[in-house]
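# Structural description and commentary
Residues per chain, in single letters:
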Amino acid sequence: MDISRKLFGTMPDGTEVFCWILKNEKGFVAKILDYGATVQSIIVPDKNGEPVDVVLGYDTLEEYIAGDCYIGATVGRFANRIKEGKFELNGEKYELCINNGPNHLHGGKKGFDRCVWFAKQIGEKVVFSRISPDGEEGYPGNLEVKVIFCWEGDSLKIEYEAETDRDTVLNLTNHSYFNLNGAGNGKVDEHVLQMNADRFTVCDQNCTPTGELASVEGTAMDFRNPKTIGIDAYNDEPCVKPFGGYDANFVISGHPFARATGNETGITLVADTDQPGVQLYTANALTEQKGKGGADYGFRSAFCLETQHFPDCVNHPEWPSPILRKSEKFHSVTTYTFI
Ligand code: BGC
């Protein structure tokens, strides 16, 4: 295990942003930025032992600041959608900004992805922390939040910790865009994916949950047996068609919850979490753009496995609760293992 850091860029206000480089015993590398507590690179060997960077990202801070696709970022205070930006907590009504159709998405205009986090190495981990002040983006409570990255063997482990001085809502995720054939190496349609998910949250055209948890049986959402990402992504079904592919929350029903393999490199990602859901997003709205090393990114050039509470669960008391109470300590773990 080896951890180092180097200057990555400087914010317009002069704040320095560092890139933390975490290397495991086998030489697997994860690079994480202070800006957005963002995963900038994950470099692992392919079937021939050649290093491959399996996540999308940029070479410069300016590109991250200009970007609007949450590439690799930590997303909060509330990942995914809140219907019409409205929720009620302890009898008080809250209204958040609307930044995705009629909904609030990924924490608002300046979510956690756009903040420079305070980072320090503690033992074999790098801890990114910040205080999200009471009222930030309309959310209640001063929230002390930490995202902790380390390698545990061949697993990149992401731990989330949080405490609040007032009851609040919380849904944290990492928005890495994976391409196991290598970032910029075409579409992920031929990747093989298997997911332990029996049900998914049915959504309307705006990706707002209707409240129904439907069985994946007989739909494009059925990944219980391995299949390619592309085989059903272009189907005429209401669970994929309106979104241009997969952009849906699956109810996790077994562990590890997902296993994906790049057809060219043979690199396999095994993903697990203690969260109840995962958004499978197949970069349907990723704009055509250049990424690291001038590589071409765009539609379907990656997939995300955003571990999370269900979208809009603040308005669905029947689902696992995203409420963090004043006296509670939030702790959650997601791992991405490479084999
Ligand atoms: C959302 C998509 C959105 C993407 C990037 C995903 O988590 O579900 O609808 O386009 O993030 O912003």
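Above this text sits the structure in question.
Quick look at the structure, then. (Residues numbered from 1 in each chain as written. Predicted model: local features only at pLDDT ≥ 70, side-chain atom pairs only at ≥ 80, totals over all residues. Heavy atoms only, no water.)

It is worth spelling out the sheet that holds strand β3 (residues 29-33) at this point. An order of β1-β2-β3-β4-β5 is seen for the 5 strands of this open sheet, with the pairing classed as antiparallel. Only two strands of the sheet have a single partner each, and these edge strands are β1 (2-10) and β5 (51-53). Averaged over all adjacent pairs, the angle separating strand axes in this sheet is 20 degrees, with direction ignored. (Pairing = 2+ DSSP bridges. Helix = DSSP H or I, 4+ residues; strand = E, 2+ residues; numbered from the N terminus. Axes fitted to C-alpha atoms, helices over the stretch in contact; angles between N-to-C directions.)

What follows is about the site of the ligand. In the neighbourhood of the ligand, the contacting residues comprise Tyr70, Arg81, His106, His175, Tyr177, Asp247, Gln279, Tyr281 and Glu306. One nitrogen or oxygen atom from the side chain of His106 is found 2.9 Å from an oxygen atom belonging to the ligand. Asp247 places a polar side-chain atom, nitrogen or oxygen, 2.5 Å from an oxygen atom of the ligand. About the coverage of the ligand: the protein hides 91% of its 310 Å² of free accessible area. Here the residues of the shell around the ligand are counted per class, giving 3 nonpolar, 3 polar and 3 charged. Taken domain by domain, the shell around the ligand gets at least three of its residues from each of domain 1 (2-177 + 325-338) and domain 2 (192-315). (Near = heavy atom within 4 Å. Polar contact = N/O pair within 3.5 Å; in protein donor to acceptor, adjacent residues only side chain to side chain. Areas by Shrake-Rupley, 256 points an atom, 1.4 Å probe, with all protein chains shown as cover. Nonpolar A, V, L, I, M, F, W, Y, C, P; charged D, E, K, R; others polar. Domains from an automatic or database assignment.)

Of all 7 residues in strand β18 (residues 197-203), 5 are buried, a share of seventy percent or more. When β18 meets strand β21 (residues 247-252), the two strands line up antiparallel, connected through 3 bridges. Note on β21: the bridge partner recorded for Ala197 is Ile252. Here β18 pairs with strand β19 (residues 209-215) via 4 bridges, running antiparallel. (Buried < 20%, exposed > 50% of the residue type's maximum accessible area, 1.4 Å probe, protein only.)

With respect to the element layout, Phe8 can be found in strand β1. A residue is classified by how much of its surface remains accessible, and Phe8, at 16% relative accessible area, is buried.

Time to look at the packing of aromatic side chains. This structure, assessed with the given rule, holds 13 aromatic pairs. Aromatic side chains Trp151 and Phe338 sit 6.5 Å apart centroid to centroid with 65 degrees between the ring planes, which places their arrangement in the edge-to-face category. Of this pair, Trp151 sits in strand β13 (residues 143-152) while Phe338 sits in strand β29 (residues 330-338), placing them 187 residues apart in sequence. On the numbers, 5.5 Å between centres and 70 degrees between planes, the contact of Phe310 with Trp319 is edge-to-face. Like Trp319, Phe310 is buried. A network of ring pairs unites the aromatic residues Phe8, Tyr58 and Tyr64 as a single cluster. A cation over a ring is seen here: Arg5 above Phe18, with NZ or CZ 3.6 Å from the ring centre. Positioned above the aromatic ring of Phe223, the side-chain terminus of Lys227 is 4.5 Å from the ring centre. (Phe/Tyr/Trp six-rings, centres within 6.5 Å; stacked < 30°, edge-to-face > 60°. Lys NZ or Arg CZ within 6 Å of the ring centre and 35° of its normal.)

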